[in-house]
Amino acid sequence: MTYPIYQVDAFTDRVFGGNPAAVMPLDEWLPDATMLALAVENNLSETAFFVPLPEQDDADFHIRWFTPGIEVPLCGHATLASAWIIFNKLGWHKDSIRFASKSGPLGVRQNSDGWLVLDFPNLAFEQQATPTVIRDALESAPDTAYFVPNDTNYMIVLDSETAVRAAQPDLRKLKQLGNQGLIVTAKGDNCDFVSRYFAPGAGIDEDPVTGSIHSVLVPYWAEQLGKTKLDARQVSKRGGVLRCELQATGWPSPGRPRSSWKVRFSSKRRWPDASYIMAMPEGDRFGAIRSIFRFIPEKGAQLMTATKAYAAQSSTSGMAPHDIDRRSLRNDDIAIEIDYCGVCHTDIHFAQNDWGVTQYPVVPGHEIVGRVTAVGPGVKAYQEGDVVGVGCMVDSCRTCSACEAGLEQYCSEGMTGTYNGEDRQDHSITFGGYSERIVVSERFVVRIPDKLDITKAAPLLCAGITTYSPLRHYGVKPGHKVGVIGMGGLGHMGVKFAKALGAEVTIFTRSESKVGEAKKQGADYVVVSTDEDQMAAAAETFDFMLDTVPVQHDINPYLNCLSYDGTHIMVGLLEPLEPALQTGALVFKRRVLAGSLIGGMPETQEVLDFCAEHDISCDVEMLDIHNINDAYERMKKGDVKYRFVIDMATLKDS
């Protein structure tokens, strides 16, 4: 049997915004296990299934909702998405739809202004002490929380919209809530209230926009603000806008007041007039699914290219094969067939959501080398067949002072990352280099010099530029003494660049066993940092310390190795310092603690040309992409010298 599956972006007026839901109309119910398996296959926050009911019933359809992990009792955005499909695709001619659900009756009606209005029950909540698991997971959590028994969610109220936007709960700890979720809310700056919603135990790290939680938020904020009509925003990365109204005959009413919100969402699905047709086996047994994607472009629609990739679907899923679509060429775009992609420690952080900002599915990879296969009509610098590279960013605002200075990495609006970023034109999430091909604006592509070995060039686009940029910025030159802390992918490149710039270079390592390797990499001297006598002998010796360590470590002993006016440059650690910085080490010697990201596009081309001129390359171990999860584990243990590079032929041939 075949069933259509639609994808709709709700709570938004643009494609790739709001909250996407899968909608699957059925003639009769499938087994629960089958519907859950389909939700897993769709890999969206919710998949809605509905069946028609006899005309004499009190409802028109019976609706159910599944996340990739469980069946949920209520889902607003998937209900609105279902209503949109019924109104626009299934020939429904009435002006309203009545749904029966496990949470009771739900009604959706169309307004003349193009908005759909959904009535939801007004859910009761209880104030109680904030559970320990929430306080452990979110440092800014207040002492009291609100528990929603009928919805099994907790709600906490923060001081400001800024605090809500900045909240970064530890999702692994929050997962201990099981199927319960956490609503984080505050009074809005430019609307009545804002919110975010986290439910990692239900398979949703952060929901882009969540209709059902407004059954709690609306009555709470209506009472706090003394008004019944409210404008709300869910301030996730995709974000969404909701118009809400508390409709009641009293406050509160024994007749069970209802909270309804009017929600406007895109009249297009994620792809213009696209659908998935899923081939299903007969009977109750759920076997393999074969999917056929049919794309019917509307006028002006972009045709996309199906692309093999490897992606993480959640913080615990590991990397696995995943198909993505690459956009058609824009005026200044270059299409690149990827030959090699370096593996950066940042890839692990995003795959496992260590920083709490990952948008799944995530396709990592920002050390990309490949060949140009096509160019847009406005491209002037490249042509088909050129060997090119793409690093850590694929766009920026292009107009701020940093961008105009060729320092796009410091764009005032934030650079667009090669993966897990938001495209500035269509608002889709960017996918990185663990894939067959990529499409990038000409400005963010660099040329790989002929003298470079392309199998070793990819890491120069991250590890290389990350260490080269600060050494150039701070003017390292002959006569300077440079200490390099850490002997990994970044550290060994720092040694090579500092030596090429004429400095005397010392490696700092915690292990005596790495002394020989450090000398092999070109270091003039080696200091074992766990040896107190060696550290004492190194005191007040160095002009610069390049700190490449990506995990927590005590930087205070290294500060004492700097001479007066010395500079300690952080390029590896992106977290608060532990233990705390002893500022006296800076103040009494006029030392500087600095940080540096990657380089801008001109400097990224410069480092490639510098490497070609000085015969510098990264030490690499070639990797079959099927072994990427094992590679991640080895990287965590420091068991690679010094950078994995994926041979993308192993993906194309799979």
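Read on for an overview of the structure. Bear in mind that the values here come from a model prediction, so they are computed numbers and not experimental data.

The rules behind each value
- Residues numbered from 1 in each chain as written.
- Predicted model: local features only at pLDDT ≥ 70, side-chain atom pairs only at ≥ 80, totals over all residues.
- Heavy atoms only, no water.
- Helix = DSSP H or I, 4+ residues; strand = E, 2+ residues; numbered from the N terminus.
- Buried < 20%, exposed > 50% of the residue type's maximum accessible area, 1.4 Å probe, protein only.
- Contact = heavy atoms within 4.5 Å.
- Areas by Shrake-Rupley, 256 points an atom, 1.4 Å probe, with all protein chains shown as cover.
- Pairing = 2+ DSSP bridges.
- Axes fitted to C-alpha atoms, helices over the stretch in contact; angles between N-to-C directions.
- Polar contact = N/O pair within 3.5 Å; in protein donor to acceptor, adjacent residues only side chain to side chain.
- Parallel < 35°, antiparallel > 145°, perpendicular 65-115°, else oblique.
- Left-handed = near helix turned anticlockwise from the far one by under 90°.
- Nonpolar A, V, L, I, M, F, W, Y, C, P; charged D, E, K, R; others polar.
- 1 Å grid on protein atoms, 1.4 Å probe; cavity = no way out; pocket = protein on both sides within 12 Å on 5 of 7 lines; lining within 4 Å.
- Points joined across faces, edges and corners; volume = space filled by probe spheres on them.
- Phe/Tyr/Trp six-rings, centres within 6.5 Å; stacked < 30°, edge-to-face > 60°.
- Salt bridge = Lys/Arg side-chain N within 4 Å of Asp/Glu carboxyl O.
- Arc of directions from axis to C-beta.
- Core = buried A, V, L, I, M, F, W, Y, C linked by side-chain atoms within 4.5 Å.

### What about the overall build of the protein chain?
Now for step 1: Counting secondary structure elements, the protein chain contains 18 helices and 36 strands.
Now for step 2: Taken across its 654 residues, the protein chain has 55% of its residues classed as buried.
Now for step 3: Sequence-distant contacts, at least 24 apart, represent 64% of the contacts inside the protein chain between residues at least 6 apart.
Now for step 4: With the model as given, the accessible surface of the protein chain reaches about 27800 Å², and the carbon-plus-sulfur share is 48%.

### Thoughts on the sheet that holds strand 31 (residues 525–528)
Backbone hydrogen bonds hold the strands of a sheet together, and the pairing may be parallel or antiparallel.
Now for step 1: If you walk across this open sheet you meet the 6 strands as 31-30-29-32-33-34, and the pairing is parallel. Whereas interior strands pair on both sides, the edge strands pair on one side only; in this sheet they are strand 31 and strand 34 (592–595). Strand-to-strand twist of the sheet, defined as the mean angle between neighbouring strand axes without regard to direction, takes the value 20°.
Now for step 2: Pairing analysis gives 4 bridges linking strand 30 (residues 504–509) to strand 31, with the strands arranged parallel. Bridge pairing links threonine 509 to valine 528 in strand 31.

### Topic: the side chain of aspartate 207
Now for step 1: As for its placement among the helices and strands, aspartate 207 is situated in strand 14 (residues 204–207).
Now for step 2: Within the structure, the side chain of aspartate 207 is placed 2.8 Å from the side chain of threonine 210, a separation counted as a polar contact.
Now for step 3: In this structure, aspartate 207 is in contact with Asn19, Ser45, Glu46, His77, Tyr197, Gln234 and Ser236, ignoring residues within four places of it in sequence.

### A look at the packing of helix 10 (residues 463–473) against helix 11 (residues 489–500)
Now for step 1: Where helix 10 meets helix 11, the axes come as close as 8 Å, and the angle between the chain directions of the two elements is 45°. Considering the angle they form, helix 10 stands oblique to helix 11. In this structure, helix 10 crosses over helix 11, and the sense of that crossing is right-handed. Judged by residue contacts, Ala463, Gly464, Thr466, Thr467, Tyr468 and Leu471 of helix 10 engage Gly489, Leu490, Met493, Gly494, Phe497 and Ala498 from helix 11.
Now for step 2: For the contact of helix 10 with helix 11, the class distribution of residues is 7 nonpolar, 5 polar and no charged.

### Thoughts on the packing of helix 10 against helix 16 (residues 601–614)
Now for step 1: Direction vectors running N to C along helix 10 and helix 16 enclose 100°, while the axes themselves pass 10 Å from each other. Between helix 10 and helix 16, the interaxial angle falls into the category roughly perpendicular. Counting all contacts with helix 10, which are made through Gly464, Ile465, Tyr468, Ser469 and Arg472, the residues of helix 16 involved are Glu603, Thr604, Glu606, Val607 and Phe610.
Now for step 2: Looking at the contact of helix 10 with helix 16 residue by residue, the classes come out as 4 nonpolar, 3 polar and 3 charged.

### Quick look at the layout of surface pockets
Now for step 1: Here the second largest pocket is characterised by a volume of approximately 520 Å³.
Now for step 2: Along the walls of the second largest pocket sit 17 residues, with Asp170, Asp354, Trp355, Gly356 and Glu575 positioned nearest its centre.
Now for step 3: Looking at the lining of the second largest pocket residue by residue, the classes come out as 5 nonpolar, 6 polar and 6 charged.

### What about the environment of asparagine 88?
Now for step 1: When you line up the elements, asparagine 88 lands in helix 2 (residues 76–89).
Now for step 2: Residue classification places asparagine 88 among the partly exposed residues on the basis of a relative accessible area of 41%.
Now for step 3: There is a polar contact of 2.9 Å between the side chain of asparagine 88 and the backbone oxygen of tryptophan 84.

### Quick word on the packing of aromatic side chains
Now for step 1: Evaluation of the coordinates by the stated rule reveals 15 aromatic pairs.
Now for step 2: Consider the rings of phenylalanine 61 and phenylalanine 99, whose centres lie 6.2 Å apart with planes at 40°: the pair is tilted. Of this pair, phenylalanine 61 sits in strand 4 (residues 61–66) while phenylalanine 99 is found in strand 6 (residues 96–100), placing the two residues 38 residues apart along the sequence.
Now for step 3: Judged by centre distance (4.8 Å) and plane angle (40°), the ring pair of phenylalanine 147 and tyrosine 154 falls under tilted.
Now for step 4: For phenylalanine 147, a relative accessible area of 15% gives the class buried.
Now for step 5: In this structure an aromatic cluster arises from ring pairing among Phe50, Phe61, Trp92 and Phe99.

### Details of empty space enclosed by the protein
Now for step 1: Enumeration over the complete set of coordinates arrives at 2 cavities of 30 Å³ or more.
Now for step 2: A volume near 60 Å³ is recorded for the largest cavity.
Now for step 3: Taken together, Gly391, Cys392, Met393, Val446, Leu461, Ile465, Ile598, Gly599, Met601 and Thr604 make up the full set of residues lining the largest cavity.
Now for step 4: Looking at the lining of the largest cavity, its residues break down into 7 nonpolar, 3 polar and no charged.

### Things to note about the pattern of salt bridges
Now for step 1: On inspection of all chains with the given rule, the structure shows 32 salt bridges.
Now for step 2: A salt bridge links arginine 398 to aspartate 332, with the nearest nitrogen and oxygen atoms 3.4 Å apart. Here the residue arginine 398 occupies a position in the loop between strand 25 (393–395) and helix 8 (401–404), and aspartate 332 occupies one in the loop between strand 21 (319–326) and strand 22 (333–343), the gap between them amounting to 66 residues.
Now for step 3: The salt bridge partner of arginine 371 is aspartate 339, with a shortest N-O separation of 3.4 Å. A residue pair is termed long-range when its members are at least 10 positions apart, and arginine 371 in strand 23 (residues 368–375) and aspartate 339 in strand 22 qualify at 32 residues.

### Quick look at helix 17 (residues 628–636)
Now for step 1: By the burial criterion, the buried members of helix 17 are Ile628, Ala631, Tyr632 and Met635. The buried residues of helix 17 occupy one face: seen down the axis, they fall within an arc of 105°.
Now for step 2: Directly after helix 17, the chain includes glycine 638, whose backbone phi takes a positive value near 75°.

### Observations regarding the nonpolar core
Now for step 1: Counting 91 residues, the largest nonpolar core has Val343, Tyr434, Phe497, Ile628 and Tyr632 as its most contacted members.
Now for step 2: Core analysis: the next-biggest nonpolar cluster, separate from the first, contains 26 residues, Phe50, Val72, Trp84 and Phe87 among them.

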